[in-house]
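Coordinates in review
Below, each chain spelled out in residue letters.
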Amino acid sequence: MTGNLYRGQAGLPFSSTLRVYEPLEAFPEEQRPAIKAAGAQAVSRAAVENAELLASLGRITRTGGDPFPTGRTDLVRVTTAPEPEGGTADDGADAGTEPVLLYCPSQLVLRAGLAANALMEGIHGPLAELLIPEEQRDRHQERIDLVKARDGSVRVHTRASTWGIPFSWFSLFMESDRKDVVEAAGRILTVRVWTPITDALERARYAVANLALAAPDLDMLDDLAQLTEWLELFHVNSMVELDYGAVADKVYPDESPMDIRLGIECLAEGDMTGAAAAYRRLASRWIPIRQLARAS
């Protein structure tokens, strides 16, 4: 069953995520042992994804109707920092050194609270009040308060999107970035793209600067400004990961990062024809995915 869940066959919406992985020293000292231990328990990336999905399905069917995570356990994803440019195993003192691990805690308690607030404030607020009674929201707020009291100022390491990937996310990446294509049984399970946070910030700031001059009314400009502020919260040696999730099987190979970059460059140069062509390519790729959210 877990294999099918990981393949995105559970009838759930396509979900994609943007994550930041930080070195251990970026976390408060009292959190480091727990984060390191949780990361060491991750047998494989597929196991982490399945465990998180199974836990979410379990919360939906939990007796009492409380859909919120309790925070008793928190999964941690782990990746390795890229080797310094030009560095090799023959560099003397660097030879034989262990790879630097980077960690991304799931932070489900905080993220569930943020998601619930967004749902309550959206157009489906009245329906959300029926699905998530006030008593359950208040109980979960107590969990959030406990986390904040314990950990102090908390950076949320993960952003999620259903039924498509926000165009602003693509501005952080380039075709040359490290990527993994995860396949099984003739299907693409997901595609993950990584880039150093310094590169992601440089690209985001470039996009913000050019859009502010060429298209100040574009919604994507606000998205990019918020994205830049978020990335600035993290350690300079962090990595940023775009995880396509099951939608990768519908769109990969994907040229969206290139189309976003070309579109912004065309706007900056006043080439409206080129910018429109880039948008058409993006729209033809992603609008059919977003329309699935409304399919019966």
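Residues numbered from 1 in each chain as written. Predicted model: local features only at pLDDT ≥ 70, side-chain atom pairs only at ≥ 80, totals over all residues. Heavy atoms only, no water.

**Let's talk about the pairing of strand 7 (residues 239-243)**
As a general feature of sheets, a regular strand has side chains that alternate between the two faces. Among the five residues that make up strand 7, five are buried, leaving the element largely enclosed by the rest of the structure. Here strand 7 shows a buried face lined by Met-239, Glu-241 and Asp-243 and a second buried face lined by Val-240 and Leu-242. In this structure, strand 1 (residues 15-23) lies alongside strand 7, joined through five bridges in antiparallel fashion. Opposite Val-20, over in strand 7, you have Val-240 as the bridge partner. (Buried < 20%, exposed > 50% of the residue type's maximum accessible area, 1.4 Å probe, protein only. Helix = DSSP H or I, 4+ residues; strand = E, 2+ residues; numbered from the N terminus. Pairing = 2+ DSSP bridges.)

**Section: the packing of aromatic side chains**
Enumeration over the complete set of coordinates arrives at four aromatic pairs. Ring plane angle 70° and centroid distance 5.6 Å describe the contact between Phe-14 and Trp-163, whose orientation is recorded as edge-to-face. Taken together, the residues Phe-14 in the loop between helix 1 (2-6) and strand 1 and Trp-163 in the loop between strand 4 (158-162) and helix 7 (167-170) connect sequence positions 149 residues apart. Residue classification places Trp-163 among the partly exposed residues on the basis of a relative accessible area of 23%. Summarising the aromatic geometry, the rings of Phe-170 and Trp-286 are spaced 5.7 Å apart at their centres and angled 40° between planes, so their arrangement reads as tilted. Highlighted residues: Phe-170 in helix 7 and Trp-286 in helix 12 (residues 272-291), separated in sequence by 116 residues. (Phe/Tyr/Trp six-rings, centres within 6.5 Å; stacked < 30°, edge-to-face > 60°.)

**So, helix 9 (residues 219-231)**
With 13 residues, helix 9 ought to run about 18 Å at 1.5 Å a step, and its terminal C-alpha atoms sit 19 Å apart, in line with that. Among all positions in helix 9, only Met-220, Leu-221, Leu-224, Leu-227, Thr-228, Trp-230 and Leu-231 are buried. (Expected span 1.5 Å × (residues − 1).)

**Considering the side chain of Asp-177**
Among the secondary structure elements, Asp-177 is positioned in the loop between helix 7 and strand 5 (178-184). Within polar-contact distance, the side chain of Asp-177 engages the side chain of Arg-203 at 2.8 Å. The residues contacting Asp-177, other than those within four sequence positions of it, are Leu-172, Val-193, Trp-194, Thr-195 and Arg-203. (Polar contact = N/O pair within 3.5 Å; in protein donor to acceptor, adjacent residues only side chain to side chain. Contact = heavy atoms within 4.5 Å.)

**Regarding the pattern of salt bridges**
What the rule picks out here adds up to 17 salt bridges. Between Arg-19 and Glu-49 there is a salt bridge, with the nearest N and O atoms lying 4.0 Å from each other. Note that Arg-19 is positioned in strand 1 and Glu-49 in helix 3 (residues 45-60), a separation of 30 residues in sequence. One salt-bridge network, in which partners are shared between bridges, spans Arg-19, Arg-45, Glu-49, Glu-52, Arg-77, Arg-192, Glu-241 and Asp-243. (Salt bridge = Lys/Arg side-chain N within 4 Å of Asp/Glu carboxyl O.)

**Overview of the packing of helix 8 (residues 197-214) against helix 11 (residues 256-268)**
The contact between helix 8 and helix 11 brings their axes to 9 Å, and the two run at 40°. One way to sum up the angle between helix 8 and helix 11 is to call them oblique. Considering the relative orientation of helix 8 and helix 11, their crossing is left-handed. Across the interface between the two elements, Tyr-206, Ala-207, Asn-210, Leu-211 and Ala-214 of helix 8 pack against Ile-264, Glu-265, Leu-267 and Ala-268 of helix 11. (Axes fitted to C-alpha atoms, helices over the stretch in contact; angles between N-to-C directions. Parallel < 35°, antiparallel > 145°, perpendicular 65-115°, else oblique. Left-handed = near helix turned anticlockwise from the far one by under 90°.)

**Some words on the packing of helix 11 against helix 12**
Contact pair helix 11 / helix 12: the axes reach a minimum separation of 8 Å and the direction vectors enclose 155°. Here helix 11 is positioned roughly antiparallel relative to helix 12, judged by the angle of their axes. In this structure, helix 11 crosses over helix 12, and the sense of that crossing is left-handed. Residue-level contacts link Ser-256, Asp-259, Ile-260, Leu-262, Gly-263, Cys-266 and Leu-267 of helix 11 to Met-272, Gly-274, Ala-275, Ala-278, Arg-281, Leu-282, Arg-285 and Trp-286 of helix 12. Its residues assigned to classes, the contact of helix 11 with helix 12 comprises nine nonpolar, three polar and three charged. (Nonpolar A, V, L, I, M, F, W, Y, C, P; charged D, E, K, R; others polar.)

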